[in-house]
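Close look at the chain arrangement
Chain by chain, the residues:
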Amino acid sequence: MVKNLGKAQHRVFIDQTEKKVNCCRVSAYPFNIWWQGRQRPLEQSEEASFLSFEFQKPVQVCVIAERPFHTAAVRPLSAGIAAEIKGNEICFSIDKPGQYVVETDDDHHALHLFADAARDYADMGEPNIVFGPGKHRAEKIVLKDGDRVYIDKDAVVYGSFYGKNVKNVRIFGGGIVDGGWETRRSMHCYEDYTNGCIKFYESSDIQIEGIVLRDSAIWVLNLFDCEDVSVNNVKIVGHYKYNTDGIDIVNSRRVRITNSFIRAFDDAITLKGIVQYCDKSVEDILVENCVLWCGWGRTLELGLETVAPAFRRLTFRNCDLIHNSAVALDIQTGDYAVISDVLFEDIRVEYQPYTLPEIIQSTPDKEYDGYGKTHVPLLFSVENPYYLINDDDYREYDRQLEEVRKGKVGGLKNCRLVRVSAVGESGEQTPAVRVELNAPFDCDCIDISGLVIFGKPVHSLNDCLAEGNGKEKLCFR
């Protein structure tokens, strides 16, 4: 039922009481390849640990790490948690609910701590699908209108939740949904050949709360042409396979992602538009109070697919991006949507001097050779590449894409960065902001206020490392 999860790398004591620690596998380094009919080799992953516990008052945490270490850090840095090292123990206090990561020396074999505020879920309604304590081999679970799914905090469900054209659905509890039962059958993430941990099409009034999503075969949580969706206090951890984006919001409306943790191998949160729903906009999206870790690609991304009449009213607020790969805040308008009213506000992007560069595995026998090389992820990037998938399996998709984009020109209007900061350190290099534009594309001034890079306020292009042929579009205050 469960394969290759390894063993817990940590023991954890909360107020001197030992808690059961869960295992998972995560990406060991940023090495990726376009889907070629096989899943990512296990040797490109490593063991990590996580623990969810109920939080009612400040607690003392003591962690015993299995491997030797010299330094320890608790992220996000904005939490201001100072760790005390006593031999192989790391001790600190937590005074409020939230998502935390304990790292020793670097980002390998991390411990993820999810301190959940007490919650009885009475407002979710009486559950009609219940997974009690223990392990459950459920596989694909097809949801119906009005379903209430409860997953006990001590339950592990080996399955995927799937809904098409359903409404008024709730999935809640503190347990684990493990997608490792599923083998990827196709390169497609758009279609339901493979489902990930949760996938909804053309559905509305969906609430997902409190659960942990582990070991997906593709994109972890998928929303295609959905509306009125709430994702709250969801933890996405234990993903290393190809295309394991955290959350993909595709041609959907009125979606809220709050108080959640996402560690993905690939983009953490992505807003997309695709041919199948080309007449549906992406609008009224809120991402707030989240902690994000991106193992490859973009942490918060608009695009690359932007097949939609519009992307509008998109807000990302009060988030900690604790590890980043290519770009932290990214807008890629690969198609024709006009993107407007975008706000990145109170975003803290953490940097580490040991971040490894992304490398494409061009051949099956190629080995990762990024060790010893420096890499500083872009802080913010805007670009408008002409996008086609260019793969035999997508030949018809590309033909349809060329047809629907005829005569249409994309743009970016009223994009603001407010109090975005780069924190931590990146060695001797500085994070860059980039605007790379290709005609035709209608791009307004990108308004930036309160930008701070490693403690230094940025008031002009001269105060930062600005790149690209459109960097003059960056308007600082």
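Residues numbered from 1 in each chain as written. Predicted model: local features only at pLDDT ≥ 70, side-chain atom pairs only at ≥ 80, totals over all residues. Heavy atoms only, no water.

Looking at the overall build of the chain
From N to C terminus, the chain includes one helix and 43 strands. Against the globule reference of 23 Å for 477 residues, the chain gives a C-alpha radius of gyration of 21 Å, in line with a compact fold. For the chain, the spread of C-alpha atoms along the three principal axes comes to 65 × 50 × 50 Å. Taking all 477 residues of the chain together, the buried fraction comes to 61%. Put simply, 72% of the contacts in the chain that link residues at least 6 apart link residues at least 24 apart. Looking at the chain as shown, the accessible area adds up to about 18500 Å², and 46% of this sits on carbon and sulfur atoms. Across the chain, the mean location of the 55 positive side-chain charges is 2 Å away from that of the 72 negative side-chain charges. (Helix = DSSP H or I, 4+ residues; strand = E, 2+ residues; numbered from the N terminus. Rg over C-alpha atoms; globule rule 2.2 N^0.38 Å. Buried < 20%, exposed > 50% of the residue type's maximum accessible area, 1.4 Å probe, protein only. Contact = heavy atoms within 4.5 Å. Areas by Shrake-Rupley, 256 points an atom, 1.4 Å probe, with all protein chains shown as cover. Lys, Arg positive; Asp, Glu negative; His and termini not counted. Charge placed at Lys NZ, Arg CZ, Asp CG, Glu CD.)

What to know about the packing of aromatic side chains
The full count for this structure, using the stated rule, is 21 aromatic pairs. Ring geometry for Phe 114 and Phe 261: centres 5.4 Å apart, planes at 50°, overall tilted. Linking Phe 114 in strand β11 (residues 111–117) with Phe 261 in strand β26 (residues 261–264), this pair joins segments that are 147 residues apart in sequence. When sorted by exposure, Phe 114 lands in the same class as Phe 261, which is buried. (Phe/Tyr/Trp six-rings, centres within 6.5 Å; stacked < 30°, edge-to-face > 60°.)

Considerations on the state of the cysteines
Structurally, a disulfide amounts to a covalent bond that connects the sulfur atoms of two cysteines. On inspection of all chains with the given rule, the structure shows one disulfide. Cys 197 takes part in no disulfide bond, and the closest cysteine sulfur to it belongs to Cys 24, at a distance of 12 Å. Relative accessible area serves as the criterion here: at 0%, Cys 197 is assigned to the buried category. The thiol sulfur of Cys 415 is not disulfide-bonded, and the nearest other cysteine sulfur, from Cys 443, lies at 8.0 Å. (Disulfide = S-S within 2.5 Å.)

Some words on the pairing of β11
With six of seven residues buried, β11 lies mostly within the body of the structure. For strand β5 (residues 45–55) and β11, the ladder comprises seven bridges, and the chain directions are parallel. Its bridge partner being in β11, Ser 52 is matched across the sheet by Phe 114. In sequence, strand β10 (residues 98–104) turns back onto β11 through a hairpin of six residues, with Asp 105 there showing a positive phi of about 70°. (Pairing = 2+ DSSP bridges.)

Details of the sheet that holds β10
Strand order in the open sheet formed by five strands is β3-β5-β11-β10-β7, and the pairing between neighbours is mixed. Looking at which strands have only one partner, the edges of the open sheet turn out to be β3 (22–27) and β7 (72–75). The sheet shows a mean angle of 25° between the axes of neighbouring strands, direction not considered. The sheet contact formed by β7 and β10 spans four bridges and is antiparallel. Counterpart to Ala 73 in the pairing with β10 is Glu 103. (Axes fitted to C-alpha atoms, helices over the stretch in contact; angles between N-to-C directions.)

These values are about where atoms sit, not about what they do.
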